[in-house]
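Each chain is listed here by its residues.
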Amino acid sequence: MCGIVGYIGFRNAYPVIINGLKRLEYRGYDSAGLAIINDNYHIYKYKGKVKDLEEKTKNLNLTGTIGIGHTRWATHGEPSDINAHPHISMNKKFIIIHNGIIENYARLKKRLEDRGYNFISQTDTEVLANLIEYIYLKGRVTPEIALRLALTKVCGAYGILVVCTDEKETLFAARKGSPLVIGVGEGEYFIASDATPIVEYTNRVIFLNDDEVAIVKKNEFSLKTIMNVPVTPVIQEIDIEIGDIEKGGFDHFMLKEIFEQPRAIEDTFRGRLSIKDKSITLGGLYNVMDKLINAKRIIIVGCGTSWHAGLVGEYLLEDLAKIPTEVEYASEFRYRNPIINEDDIVIAISQSGETADTIAAIRLAKEKGATVIGICNVVGSTVARETHAGVFTHAGPEIGVASTKAFTAQITILTLMALLLGYKRGFLPKEKYEYYINEMFEIPKKIEKILNQHEKIKELAQVFNNINNSLYLGRGYLFPVALEGALKLKEISYIHAEGYPAAEMKHGPIALIDESMPVVVLASNKDITYEKIISNIQEVKARKGMVISIITEGDEKISKISDYCIEIPEAPDILTALLSVVPLQLLSYYIAVNRGYNVDQPRNLAKSVTVE
Ligand code: F6R
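The written sequence of each chain sets the order in which its residues are numbered from 1. Only residues with pLDDT of 70 or above have their local features reported here, since the model is predicted, and side-chain atom pairs are shown and tallied only from 80 upward, although totals for entire chains, interfaces and linings are computed over all residues. Values shown for side chains rest on all heavy atoms present in the structure; no hydrogens or waters enter the calculation.

## Here we look at the domain arrangement of the chain
- Taken as a whole, the chain is organised into domain 1 (3-244), domain 2 (247-450) and domain 3 (453-600).
- One C-alpha centre belongs to domain 2, the other to domain 3, and the line joining them spans 25 Å.
- By definition, residues are in contact when any of their heavy atoms lie within 4.5 Å. Listed by partner, the interface residues are 40 residues for domain 2 and 33 residues for domain 3.
- Within this document, salt bridges are pairs made up of a side-chain nitrogen of Lys or Arg and a carboxyl oxygen of Asp or Glu, the two lying within 4 Å of each other. At the surface where domain 2 touches domain 3, the tally comes to one salt bridge.
- Here glutamate 553 ties to lysine 449 by a salt bridge, and the two come within 3.0 Å at their closest N and O atoms.
- Helix and strand definitions here come from DSSP, where helices need a minimum of 4 consecutive H or I residues and strands a minimum of 2 consecutive E residues; each element is numbered from the N-terminal end. Mapped by element, the contributors of at least two residues to the side of domain 2 that touches domain 3 are helix H6 (253-259), helix H7 (261-269), helix H9 (304-320), helix H13 (405-424) and helix H14 (430-451).
- The dominant element in the side of domain 2 that touches domain 3, judged by the number of residues it contributes, is H9, at ten residues. Note: domain ranges come from an automatic or database domain assignment.

What follows is the structure in structure tokens.
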């Protein structure tokens, strides 16, 4: 939510900031702004996209070696020029950009108003700018001290970049809850919400921790806590190529990421699944393996698509490893005072590693003594750093707001975990374990086969041209896929879609079915409920519903009674989620494109939900 980028060094900051904002736009895109600082400062900010900001500023010949930029996902105050960042304090001493929410902003604002401050925007960020300025002017302290003192008064979350107009050669960065990464170049620094704007300049980065403030000058860098305790920065090398964050010839990031899935899954199991030795190794879980093997209960937490992956994980862990498993929305888990025992294992799933609710759930589980494992896609992210152990999905940066390759990569990890635990706990015989390892190895090729049907799926998408509602049905491993398919459709095409366990249809949703209601049915011939799914299809047909079935190759029984079919290669039931979701991703994509929507930046959404 909101992307922030800053530069200080010897280059002209303007192109660095504009390019950085383009890379970060997936984090929020209702308004954008920048400030370029030289002997003076120049602030431009508008409602709209980064390209609107670029259009309005590109001929202004903005030059300066310090710059900050922001792309917004509105929290306080509607998207408008005035509410866009950067914000400047009333006496023009501090310029600030902010990602997060200042929860006590109303109280702070009132206090500042009582002391003569006027506000021009509705944002919490302007309150912070004025608070820093008030302390600076009233206390006659340095900008750094004013910033640190102000931050001690703030409740909530922030990743901020601040420039004091009296000390224009310094850029301050601070974080609590919202991520910030500092790229370390030769005589220059790049600061951003994530590494995507940085990797084209350097792969050496510092991940800021909560309650830290970085004081960054052209050739100088220091780090301390807001309580003024010096911190030694740890520089890490990140492994992201520029190609990973570009569209590479595809029309949209989402399409590129759907097509990347064979590679993403292979990268995720590379070095972990050995076809030669018929073994699975999860190095990141080494320290907690005994606890996992003896676990009495696993609780999986996540949000959105990651929560759906968690549901597949529940089926896998109970089925293969026989460990009682529950899946919880992180947002519910964190506030409902859950019963957590010290021998519980909590698995937190998050693509970004920065989802506020998931992080809060991790902290709660740790507080209660549980062992917490992360499944996460972003190295250096909060989830990766705050969990006791974990496994990275190596899906590569996911930029499309609708999650696709992260989902299949998360399920890949959960499958490896469940297989390994099933084997080690003695519930999965060696031959079965080796059979599944072989089958898992085949999954990328099978996904290629599904992707090759993209033209057919594109054509099928036309069926949805005038549709406003749809139903997705699945059972067993394919129930979470039905939920995920429905989520994909609604978030990018704005068509109302509901996912249901197929058998639940007759307990209510069946009332919705008529000839204008497409029902997408997920059916695997390996599922024990296969015959029951056929009955569910008949029930839809009897009410003139239109049935689109995702079936196993050669399944004539279902193809005969369906209006449309997409075939997926045969696979054991435990692996069908990995395959069945792919046609649903493509279907949603083409439906949204047919409707003329920007699939990478759906309305009201943003990648990486760093606010509650
Ligand atoms: C849906 C989607 C979201 C995310 C959710 C969790 O396509 O992308 O539902 O899955 O916001 O995000 P992460 O996985 O980053 O914690």
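## Describing the side chain of threonine 268
- Note that threonine 268 resides in helix H7.
- Look at threonine 268 and you get buried, because its relative accessible area is 0%.
- Of note is the side chain of threonine 268, whose polar atom sits 2.7 Å from the backbone oxygen of alanine 264.
- The residues contacting threonine 268, other than those within four sequence positions of it, are Thr393, His394, Ala395, Ala409, Thr412 and Ile413. For every residue, the accessible area (1.4 Å probe, protein chains only) is compared with the maximum for its type, and the residue is labelled buried under 20%, exposed over 50%, or partly exposed between those bounds. By the criterion applied in these results, polar contacts are pairs of N or O atoms within 3.5 Å in which, for protein atoms, one can donate a hydrogen and the other can accept it, and in which residues neighboring in sequence qualify only through two side-chain atoms.

## Considering the site of the ligand
- Close to the ligand lie 15 residues, the nearest being Ser306, Ser350, Ser352, Thr355 and Glu491.
- Serine 306 is positioned such that a nitrogen or oxygen atom in its side chain is 2.6 Å from an oxygen atom of the ligand.
- One nitrogen or oxygen atom from the main chain of glutamine 351 is found 2.7 Å from an oxygen atom belonging to the ligand.
- The Shrake-Rupley method, run with a 1.4 Å probe, gives the accessible areas here. Residue values count only the displayed protein chains as cover. For the ligand, the protein covers 88% of the area, taking 400 Å² as the surface of the free molecule.
- Looking at the shell around the ligand, the elements that each hand over two or more residues are H9 and helix H16 (478-493).
- Think of it as three bins: nonpolar holds Ala, Val, Leu, Ile, Met, Phe, Trp, Tyr, Cys and Pro, charged holds Asp, Glu, Lys and Arg, and polar takes everything else, Gly as well. Considering only residue class, the shell around the ligand consists of five nonpolar, eight polar and two charged.
- Here the shell around the ligand gathers at least three residues from each of two domains, domain 2 (247-450) and domain 3 (453-600). What makes a residue near a molecule or strand is one non-hydrogen atom of that residue sitting within 4 Å of it.

## Topic: a positive patch on the surface
- Patches here are clusters of residues that have more than 30% relative accessible area and form no salt bridge, with a 9 Å joining cutoff for like charges and a 5 Å cutoff for nonpolar side chains (Val, Leu, Ile, Met, Phe, Trp, Tyr). Charged residues are defined here as Lys and Arg on the positive side and Asp and Glu on the negative side; His and the ends of the chain fall outside this count. Charged side chains are reduced to one point each, which is NZ for Lys, CZ for Arg, CG for Asp and CD for Glu. Together, Arg107, Arg111, Arg115, Lys138 and Lys153 give the surface a local cluster of positive charge.
- With respect to the helices, strands and loops of the structure, arginine 111 is situated in helix H3 (residues 105-114).

## Some details on empty space enclosed by the protein
- The rule is simple: put a 1 Å grid over the protein atoms alone, call a set of points where a 1.4 Å probe fits but cannot get out a cavity, call an open set with protein on both sides within 12 Å along at least five of seven lines a pocket, and count a residue as lining if it has an atom within 4 Å of a point. Grid points are joined across faces, edges and corners, and a volume is the space filled by probe spheres set on the points. Taken as a whole, this structure holds two cavities of 30 Å³ or more when the rule is applied.
- Counted as a void, the largest cavity has a volume near 60 Å³.
- For the largest cavity, the full set of lining residues is Cys2, Arg72, Trp73, Thr75, His76, His85, His98, Gly100, Thr123, Asp124 and Thr125.
- Broken down by secondary-structure element, the contributors of at least two residues to the lining of the largest cavity are strand S6 (94-102) and helix H4 (124-139).
- A per-class count over the lining of the largest cavity returns two nonpolar, seven polar and two charged.

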